[in-house]
Amino acid sequence: MRQFLPKNFTHATAALRQRQTAPANILSKPAKFPYPHAMTTLTHHKLITDPALVRLWQALDAHTPNATRLVGGCVRDAVLGVLASDVDLSTKLLPEHVMQACAAAGITTVPTGIAHGTITAIVTKKPFEITTLRKDISTDGRRAEVAFTDDWHEDAYRRDFTMNALYCDQDGTIFDP
C-alpha cells in the first residue's frame, strides 16, 4: 500500500497495516473508517472557510449555483487533517463561463489548459485550478481526448486514484461517487 501513497502518509499506511485490509470505499462506512483522526465532513475546516476560496465560490455560484466542488488531493488532505498546498476545483461550467464569472467578480484568470477545460483563477495571489467536468473519448493511458460533461460520476471515473475522485461542496459535504 505504501507505494500508492505520498511519503507524508506514513500515518495512514500504519493505520492500514493495523487493520490489515484497505476498505473498498473508505467513506461509505464511516464506522469502519481506518483513520480515527479523519473527518467525513469538512464543514468547519480551514479549507472551506478560506476567504479566497469563498470569494471564488461566490463568483462561480453567481453564474450557476452549486455547480462547483473541491476535488482530489485538497479534499484527501483535509479529510486526513492536513492543510493542502494547492486547491483544485471541478465544475459543470464550461471554461468560457468560468472566465466570465471570474471576470465579473474582478478575479484574474489564466487559461492554463483550456483545451482540457482548466482555468487558473488567482484570488489574493492564491492560485486555484478550476477544471470543467470531463469524460474520456479516447486515451492511450497517458494522453486523453476529452469531452465536457455535467456528470460527476463520469468525471470521477477518469481520475487515477480513488482518493483523487473525492469531491467536497461549499457546505463541507464529501462526495465519493
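Residues numbered from 1 in each chain as written. Predicted model: local features only at pLDDT ≥ 70, side-chain atom pairs only at ≥ 80, totals over all residues. Heavy atoms only, no water.

Peer 1: Explain the overall build of the chain to me, please; I cannot follow it from the model alone.
Peer 2: From N to C terminus, the chain includes six helices and nine strands. Across the 177 residues in the chain, those meeting the buried criterion constitute 42%. (Helix = DSSP H or I, 4+ residues; strand = E, 2+ residues; numbered from the N terminus. Buried < 20%, exposed > 50% of the residue type's maximum accessible area, 1.4 Å probe, protein only.)

Peer 1: Would you explain the nonpolar core in this entry?
Peer 2: Ranked by size, the top nonpolar core spans 31 residues in total, and within it Leu42, Leu56, Leu60, Leu70, Val75, Leu89 and Phe128 carry the most contacts. For this core, the secondary-structure elements that each account for two or more residues are α2 (46-49), α3 (51-63), α4 (73-79), β2 (87-91), α5 (95-104), β4 (118-123) and β5 (126-132). Among the elements that line this core, the one with the most residues is α3, at six residues. Apart from the residues lying within four places of it in its own chain, the contact partners of Phe128 are Asp50, Ala52, Leu53, Leu56, Val87, Leu89, Ile119, Thr120, Ala121 and Val123. One finds Trp152, Ala156, Ala165 and Tyr167 within the second-largest nonpolar core, a separate group that totals six residues. (Core = buried A, V, L, I, M, F, W, Y, C linked by side-chain atoms within 4.5 Å. Contact = heavy atoms within 4.5 Å.)

Peer 1: So what exactly am I meant to see when it comes to the packing of α3 against α5 here?
Peer 2: Between two packed helices, the angle of one axis relative to the other and the distance separating the axes together describe the packing. Following both chains from N to C, one finds α3 and α5 inclined at 115 degrees, their axes separated by 8 Å at the closest point. For the pair α3 and α5, the sense of crossing is right-handed. Listed contacts from α5 to Leu56, Ala59, Leu60 and His63 of α3 are His97, Val98, Gln100, Ala101 and Cys102. Residue composition of the contact of α3 with α5, by class: six nonpolar, three polar and no charged. (Axes fitted to C-alpha atoms, helices over the stretch in contact; angles between N-to-C directions. Left-handed = near helix turned anticlockwise from the far one by under 90°. Nonpolar A, V, L, I, M, F, W, Y, C, P; charged D, E, K, R; others polar.)

Peer 1: How should the packing of aromatic side chains be read in this particular structure?
Peer 2: The description of an aromatic ring pair uses the distance of the two centres, along with the angle that the planes make with each other. Enumeration over the complete set of coordinates arrives at one aromatic pair. Taken together, a centroid distance of 5.2 Å and an interplanar angle of 70 degrees make the contact between Trp152 and Tyr167 edge-to-face. Of this pair, Trp152 sits in helix α6 (residues 152-157) while Tyr167 sits in strand β8 (residues 167-168), and the two are 15 residues apart along the sequence. Side by side, Trp152 and Tyr167 carry an identical accessibility label, which is buried. (Phe/Tyr/Trp six-rings, centres within 6.5 Å; stacked < 30°, edge-to-face > 60°.)

Peer 1: What is the right way to read the confidence of the model for the chain from this model?
Peer 2: Should pLDDT be low for a region, the predicted coordinates there are not to be read in detail. Taken residue by residue, the chain gives an average pLDDT of 79. The fraction at 70 or more is 76%. Note that pLDDT drops below 50 for residues 1-38; the model gives that stretch 40 contacts with residues more than four away or on any other chain. (pLDDT = per-residue confidence, 0-100.)

Peer 1: How should the environment of Thr112 be read in this particular structure?
Peer 2: Here Thr112 is to be found in strand β3 (residues 108-113). As a C-alpha pair, Thr112 and Ile130 span 18 residues in sequence and 9.8 Å in three-dimensional space. Here Thr120 takes part through its side chain, which lies 3.1 Å from a polar atom of the side chain of Thr112. (Polar contact = N/O pair within 3.5 Å; in protein donor to acceptor, adjacent residues only side chain to side chain.)

Peer 1: Is there a simple way to explain the state of the cysteines in this structure?
Peer 2: Two cysteines whose sulfur atoms are joined by a covalent bond form what is called a disulfide. On inspection of all chains with the given rule, the structure shows zero disulfides. You can see Cys74 has no disulfide; the closest cysteine sulfur is in Cys168, sitting 8.0 Å from it. (Disulfide = S-S within 2.5 Å.)

Peer 1: Help me understand the sheet that holds β3 in this model?
Peer 2: Strand pairing within a sheet occurs via backbone hydrogen bonds; the two strands may be parallel or antiparallel. Strand order in the open sheet formed by seven strands is β3-β4-β5-β2-β1-β8-β9, with mixed pairing between adjacent strands. Edge positions in the sheet fall to β3 and β9 (174-175), since each of these pairs with one other strand and no more. Sheet strands touched by α3: β1 (68-71), β2, β4, β5 and β8. Its angle to β5, the strand with the most contacts, is close to 35 degrees. Contacts between α5 and the sheet are confined to β2, β3, β4 and β5, with β4 contributing the most and set at about 10 degrees to the helix. (Pairing = 2+ DSSP bridges.)

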